[in-house]
Amino acid sequence: MSTSMKSWATPLAIGSFIILAVTGLLMFFKIEGGYIKPVHEWLSWLMVAGVVLHTVANWKAFLSYFSKIPAVSIISVGIVVTALAVFMPASREGGNPKMKMMKAIESARLETVAELAGKESEEIVTTLEKKGISVSDPSMTIRQIAKQNQKKEMEVLGLVFR
C-alpha cells in the first residue's frame, strides 16, 4: 500500500489505542468522571478505523502472521474470547445490585417508597400532582404511576426523592 496511508493509519491506530487503554483502565478501576465513558465508547470507532487502515496498509506483513504458530495461537485465543464474550449468556445469579434495587423500588407501592424517602405518601402524591402526575391510589406501584402518566419510572422516582 502507499506510504502516505502508512504515515497516518499507524499513528491513528496508536493514538486511538492510547485513548482506549487509558479510559478503559480508568473504567476498570471505577474512575468514571467527566467524559471517560463516552470518549471510550465513541472513540473506539477511531481504533477500529485505524486498525483496519493499518492492516490494509500492511497487508503483506499481516498475511505472513498466519504462517507462524505463535501468531495464529494468539489470534485464535482472541477470536475465542471475543465469541465467548458476545455469545455466552451472562449469569443471572450475580448481576448489578443497583439494577436489582432499582427494579425493586420501581415495582414497590408508593406507600413503601414514601417510607424509604422518609416522607408521607400524601406529601409525595401532592408533589407528583403539582408536576402533572396523577396518582389515583397510594397503593399503586411507581411503575404503574409512570405508565398511567406516560412517564419514565426514573422521572417519577426523581420527584419522589427530590
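Quick caveat: nothing in here was measured; it's all calculated off a predicted structure.

Q: Sorry if this is basic, but what is going on with the packing of aromatic side chains here?
A: Aromatic rings considered in pairs are described by the distance between their centres and by the relative angle of their planes. Under the criterion given, the structure shown has 3 aromatic pairs. Each ring, one from Phe 28 and one from Phe 29, has its centre 5.0 Å from the other, and the planes form 90 degrees; the classification is edge-to-face. Residue class for Phe 28 comes out exposed when judged on its relative accessible area of 60%. Residue class for Phe 29 comes out exposed when judged on its relative accessible area of 55%. Ring plane angle 80 degrees and centroid distance 5.3 Å describe the contact between Phe 62 and Phe 66, whose orientation is recorded as edge-to-face. Through a chain of ring-to-ring contacts, three or more aromatic side chains come together here, namely Trp 59, Phe 62 and Phe 66. Taking the ring centre of Tyr 65 as reference, the NZ or CZ of Lys 68 above it sits at 5.2 Å.

Q: Got a minute to help me understand the environment of Trp 59 in this structure?
A: If you trace the backbone, Trp 59 turns up in helix 4 (residues 59–64). A C-alpha to C-alpha distance of 53 Å links Trp 59 and Ala 104, two positions 45 residues apart in sequence.

Q: Is there a simple way to explain the nonpolar core in this structure?
A: Nonpolar side chains tend to gather and get buried jointly when the protein is soluble and globular. With 18 residues, the main nonpolar core has Leu 110, Val 113, Leu 128, Ile 142, Ile 145, Val 156 and Val 160 as its most contacted residues. Sorting the residues of this core by element identifies helix 7 (110–117), helix 8 (121–130), helix 9 (142–148) and helix 10 (153–160) as the ones contributing at least two each. Ranked by the residues each element gives to this core, the list is headed by helix 10, at 4 residues. Setting aside residues no more than four positions away along its own chain, Ile 145 makes contact with Leu 110, Ile 133, Ser 134, Val 135, Met 140 and Val 156.

Q: Help me understand the packing of helix 6 (residues 97–106) against helix 10, please; the structure alone is not making it clear to me.
A: Two quantities define a packed helix pair, namely the angle between the axes and the distance from one axis to the other. Across the interface, helix 6 lies against helix 10 with an axial gap of 11 Å and an inter-helix angle of 80 degrees. It follows that helix 6 is roughly perpendicular to helix 10 by the angle criterion. Residues Met 102, Ile 105 and Glu 106 of helix 6 touch helix 10, and the partners they reach there are Glu 153, Met 154 and Leu 157. Here the residues of the contact of helix 6 with helix 10 are counted per class, giving 4 nonpolar, no polar and 2 charged.

Q: Even after reading the chapter, I still don't get unusual backbone geometry, so can you show me in this structure?
A: Keep in mind that most residues, glycine aside, have a negative phi and that most peptide bonds are trans. Phi is positive for Lys 30, close to 60 degrees, though the residue is something other than glycine. Examined against the element boundaries, Lys 30 turns out to sit in the loop between helix 1 (3–28) and helix 2 (36–42). We classify Lys 30 as exposed; its relative accessible area is 67%. Residues other than glycine seldom take positive phi values, yet Gln 150 does so here, at roughly 50 degrees. Along the chain, Gln 150 falls in the loop between helix 9 and helix 10.

Rules used throughout
Residues numbered from 1 in each chain as written. Predicted model: local features only at pLDDT ≥ 70, side-chain atom pairs only at ≥ 80, totals over all residues. Heavy atoms only, no water. Phe/Tyr/Trp six-rings, centres within 6.5 Å; stacked < 30°, edge-to-face > 60°. Buried < 20%, exposed > 50% of the residue type's maximum accessible area, 1.4 Å probe, protein only. Lys NZ or Arg CZ within 6 Å of the ring centre and 35° of its normal. Helix = DSSP H or I, 4+ residues; strand = E, 2+ residues; numbered from the N terminus. Core = buried A, V, L, I, M, F, W, Y, C linked by side-chain atoms within 4.5 Å. Contact = heavy atoms within 4.5 Å. Axes fitted to C-alpha atoms, helices over the stretch in contact; angles between N-to-C directions. Parallel < 35°, antiparallel > 145°, perpendicular 65-115°, else oblique. Nonpolar A, V, L, I, M, F, W, Y, C, P; charged D, E, K, R; others polar.

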